[in-house]
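Close look at the chain arrangement
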Amino acid sequence: MKRKVFITGATGFVGSYLSQELKSSANIIYGTCYPERPEDCDRTVADKIYYQDIRDAKGMAALIEEIRPDRIFHLAAVSSVKRSWDQREETFETNLAGTYHLFEAIRRFSPQARILYVSSSDVYGVLAPVKRALSEDDAIEPVNPYAFTKISGELLARFYSRIEGLDIVLARPFPHTGPGQSADFVCPDWALQIAQIEKGDREPVMRVGNTQVQRDFLDVRDVVRAYDLLMEKGQKGEVYNICSGRAIALKDVLDMLLSFTSGAIDVQVDPHKLRKTDIPLLVGNNQKIQRTTSWEPKIPMKQTLGDLLEYCRSTLV
Ligand code: A2R
């Protein structure tokens, strides 16, 4: 009997890589999408894609009742910090109420399912510099609406796991990127600007935000491998960092991207790209996931950025 795998946000950046990773003769992959127009739904990423708003409690319940999945990866969310400031109510309703509707539907119709709840390293939100890698038991502090909803979602996941008995594992991925990510995020924003400059579509000036901050970056392909392993081996109710353990300054990311292009490019700070609250250093400790699953990241940042730039070039032809 095939295993029924359900991915919320299956057509998003990470969802489409995850769906690819899980494709096998042993799995039937179901997923949701929710673009503005139903006809824009990419139905090729999974065996069956449903157009479904996770804010719709009745619709979510009917969907879980119909599919009765064995495994659920909960990815659907407002995923950008910037958008979470601009659209606070939508962020709250999608990330928190939507997660509640999903867990409730699972409690009623598929309580034996194994679930991976995808949170974010943004929950650590430390404003004062902490010069060490953060572990799962470090303090959490929401410094933007996105982080607030992800922490609240973790609390919901703990409640449904410990009190309602659902089998939920929690993941805290650190920033990840790769081909296909939206230009709302820093690496694709810069890669796209370079590709546009190369093509002559914009003047040779890159507009950047704060390049001093340091981040623990991963390739999306390593992240979906971690999700798969956590689904296999993660412990119910436990939270796992997904990170490399090494920080890279955004200015080094910028230099790496610029090293792939030959023309002279001027770099200017654009005040619109500066964030209201910026975490100076965000690096994670990955011992827990390594102990539990033996996962470690394999793709070096240089390859990730090279692939990303190639992808951006290909979208402009
Ligand atoms: O608009 P679509 O079709 O791209 O759907 C997005 C979906 N989504 C929703 N689905 C159902 N009901 C909603 N109200 C709703 N709002 C958004 O979530 C998309 O398929 C997915 C998010 O994909 P991306 O924005 O590309 O994010 P990414 O990087 O794939 O992040 C996946 C997860 C999120 O939970 C992040 O917070 C975490 O990883 O880092």
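Structure report, in brief. (Residues numbered from 1 in each chain as written. Predicted model: local features only at pLDDT ≥ 70, side-chain atom pairs only at ≥ 80, totals over all residues. Heavy atoms only, no water.)

Observations regarding the site of the ligand
If you check the shell around the ligand, you find 21 residues, and the closest are Val14, Tyr34, Leu75, Ser79 and Tyr146. Residue tyrosine 34 places a main-chain N or O atom 2.8 Å away from an oxygen atom belonging to the ligand. At 2.9 Å from a nitrogen atom of the ligand is found a main-chain nitrogen or oxygen belonging to isoleucine 54. Within the complex, the protein chains bury 85% of what would otherwise be the 790 Å² of accessible surface of the ligand. Secondary structure elements with two or more residues in the shell around the ligand: α1 (13-22) and α5 (145-162). Considering only residue class, the shell around the ligand consists of 11 nonpolar, 7 polar and 3 charged. (Near = heavy atom within 4 Å. Polar contact = N/O pair within 3.5 Å; in protein donor to acceptor, adjacent residues only side chain to side chain. Areas by Shrake-Rupley, 256 points an atom, 1.4 Å probe, with all protein chains shown as cover. Helix = DSSP H or I, 4+ residues; strand = E, 2+ residues; numbered from the N terminus. Nonpolar A, V, L, I, M, F, W, Y, C, P; charged D, E, K, R; others polar.)

Points about the environment of alanine 247
Mapping alanine 247 onto the fold places it in the loop between β11 (239-242) and β12 (248-249). With relative accessibility at 34%, the residue alanine 247 sits in the partly exposed group. Filtering out sequence-adjacent residues up to four positions away, alanine 247 remains in contact with Gln214, Arg215, Asp216, Leu281 and Val283. (Buried < 20%, exposed > 50% of the residue type's maximum accessible area, 1.4 Å probe, protein only. Contact = heavy atoms within 4.5 Å.)

Remarks on the pattern of salt bridges
Counting across every chain of the model gives 19 salt bridges. Taking the shortest distance from any N to any O, the salt bridge between glutamate 232 and arginine 71 comes out at 3.0 Å. With glutamate 232 in helix α7 (residues 220-233) and arginine 71 in strand β4 (residues 71-74), this residue pair connects regions lying 161 residues apart in the sequence. When the shortest N-O distance is used, the salt bridge between glutamate 198 and arginine 313 registers 2.7 Å. One end of the pair, glutamate 198, is in helix α6 (residues 186-199); the other, arginine 313, is in helix α10 (residues 301-316), with 115 residues separating them in the sequence. Residue glutamate 198 is classed as partly exposed on the basis of its relative accessible area, which comes to 37%. Put simply, Arg37, Glu39 and Asp40 are held in one network by salt bridges that share partners. (Salt bridge = Lys/Arg side-chain N within 4 Å of Asp/Glu carboxyl O.)

Quick look at unusual backbone geometry
The phi torsion at arginine 68 lies on the positive side, around 50 degrees, for a residue other than glycine. You can see arginine 68 is positioned in the loop between α2 (57-67) and β4. On the basis of relative accessible area, arginine 68 is assigned to the partly exposed category, the value being 37%.

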